[in-house]
Amino acid sequence: SLFHHFQNNVFHALFAQGGADAQIASAPAEAAQVDTKASRVYVFVDRGRLGHQHAVEGLIQSGTIRLGAVEDAGKIVFDMSSFTADTDAARKYVGIEHDVEESEKKKVTSTMRGSKVLNVERYPTATFTIESAERLATKTEAGHPQYRLQGRFTLCGKTRPLSVTVAGDEQQ
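Throughout, a residue's number is its position along its own chain's written sequence, starting from 1. Restriction of local features to residues with pLDDT of at least 70 applies here, the model being predicted, together with a cutoff of 80 or more for giving and counting side-chain atom pairs; totals for whole chains, interfaces and linings are based on all residues. In computing side-chain properties, one takes all heavy atoms of the structure into account and sets aside hydrogens as well as water.

Chemist: Describe the overall build of the protein, and please don't skip the residues or the numbers.
Modeler: Only runs of H or I of at least four residues qualify as helices and only runs of E of at least two qualify as strands under DSSP, and these elements are numbered from the N terminus. Each helix and strand counted, the protein has 3 helices and 9 strands in total. Reading the protein from its N terminus to its C terminus gives the helix and strand order α-β-β-β-β-β-β-α-α-β-β-β. A simple rule labels every residue: compare its accessible area, found with a 1.4 Å probe on the protein chains alone, to the largest value its type can have, and call it buried under 20%, exposed over 50%, or partly exposed in between. A buried classification covers 45% of the 172 residues belonging to the protein. We call two residues contacting when some pair of their heavy atoms lies within 4.5 Å. Across the protein, contacts joining residues at least 24 apart in sequence account for 62% of those joining residues at least 6 apart. Counting only carbon and sulfur atoms, one obtains 45% of the accessible surface of the protein, whose full area is about 9100 Å². Surface exposure here means Shrake-Rupley accessible area, sampled with a 1.4 Å probe, where a residue is shielded only by the protein chains that are shown.

Right under this line is the structure:
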């Protein structure tokens, strides 16, 4: 199914700002707003229905996270109409090196947003309701803390469990 493909094969990173860190303006376990101007979603789409690999960039419409929370840890709403295929930033982030023609980027973006894939006209947002955001013992290579976000992800009207690891850049 589309959801299974999206959940298991495409979520390369949940957020990124200039690379790998979600910008969260608060200390762990306090409700913090996701900085929607600085944060991006980068999605790796592996071979499959679309024929070859793609990198997708999207925006977060709104979000709150309580890093370190073991329950009721927040909610992130994704602006699905902003998802764009093969942007330079997305390709760099997910490690796809070959170039893509502008016409191909537009065609893939149109197909992805269309009624047979994400159907953004009917489902303009996707939502990740975060049940827990537990800090992991390991840090990123840059020394940033990592968190396991577990919850329920709703895409195209279907809700499934989702667990992702993210890096946090905690700021005052």
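Chemist: Which residues make up the pairing of strand 6 (residues 74-85), and what values do they have?
Modeler: The buried fraction of strand 6 is high, at 9 of 12 residues. At least two bridges found by DSSP between two strands is the condition for calling them paired. Here strand 5 (residues 54-65) pairs with strand 6 via 8 bridges, running antiparallel. Note that in strand 6 the partner of S62 across the bridge is V77. Pairing of strand 6 with strand 7 (residues 125-139) involves 6 bridges; the strand directions are antiparallel. Bridging from a neighbouring strand, F78 pairs with A126 of strand 7.

Chemist: Lay out the nonpolar core with the relevant residues and their values.
Modeler: Only buried residues count toward a nonpolar core, which is a set of Ala, Val, Leu, Ile, Met, Phe, Trp, Tyr and Cys residues joined through side-chain atoms within 4.5 Å. If you look at the biggest cluster of nonpolar residues, it comprises 30 residues, and the most contacted ones within it are F78, M80, F83, F128, I130 and L149. Of all the secondary structure elements, the ones that give two or more residues to this core are strand 4 (40-45), strand 5, strand 6, strand 7, strand 8 (145-155) and strand 9 (158-170). Core analysis: the next-biggest nonpolar cluster, separate from the first, contains 6 residues, A55, A90, V94 and I96 among them.

Chemist: Would you mind going over the environment of E104 in detail, with residue names and values included?
Modeler: Position of E104 relative to the elements: it lies in helix 3 (residues 102-113). Remark: the alpha-carbon pair of E104 and D86, spanning 18 residues in sequence, is separated by 9.0 Å.

Chemist: Kindly report on the environment of V108, identifying the contributing residues and their values.
Modeler: Looking at where V108 falls in the secondary structure, it is placed in helix 3. Considered as a pair, V108 and A85 are 23 residues apart in the sequence and their alpha carbons are 6.2 Å apart. Dropping the residues within four chain positions of it, V108 is found in contact with H54 and A85.

Chemist: Outline the pattern of salt bridges, supporting the account with residue identities and numerical values.
Modeler: Each salt bridge in this description consists of a side-chain nitrogen of Lys or Arg and a carboxyl oxygen of Asp or Glu lying within 4 Å of one another. Tallying each qualifying case throughout the model produces 4 salt bridges. As a salt-bridge pair, E57 and R40 come within 3.5 Å of each other at their nearest N and O atoms. Taken together, the positions of E57 in strand 5 and R40 in strand 4 put the pair 17 residues apart, joining distant regions of the chain. Among the residues examined, R40 registers a relative accessible area of 21% and is labelled partly exposed.

Chemist: Any details on the packing of aromatic side chains? Residues and values, ideally.
Modeler: Here a pair means two rings of Phe, Tyr or Trp (six-membered ring of Trp) with centres within 6.5 Å. Their orientation is stacked below 30 degrees between planes, edge-to-face above 60, and tilted elsewhere. Scanning all chains against the criterion turns up 3 aromatic pairs. A centroid spacing of 6.5 Å and a plane angle of 70° characterise the contact between F128 and F153, whose relative ring orientation is edge-to-face. With F128 in strand 7 and F153 in strand 8, this pair connects stretches of sequence that are 25 residues apart. Both residues of the pair, F128 and F153, count as buried. Here the aromatic residues F78, F128 and F153 are joined through ring pairs into a cluster of three or more.

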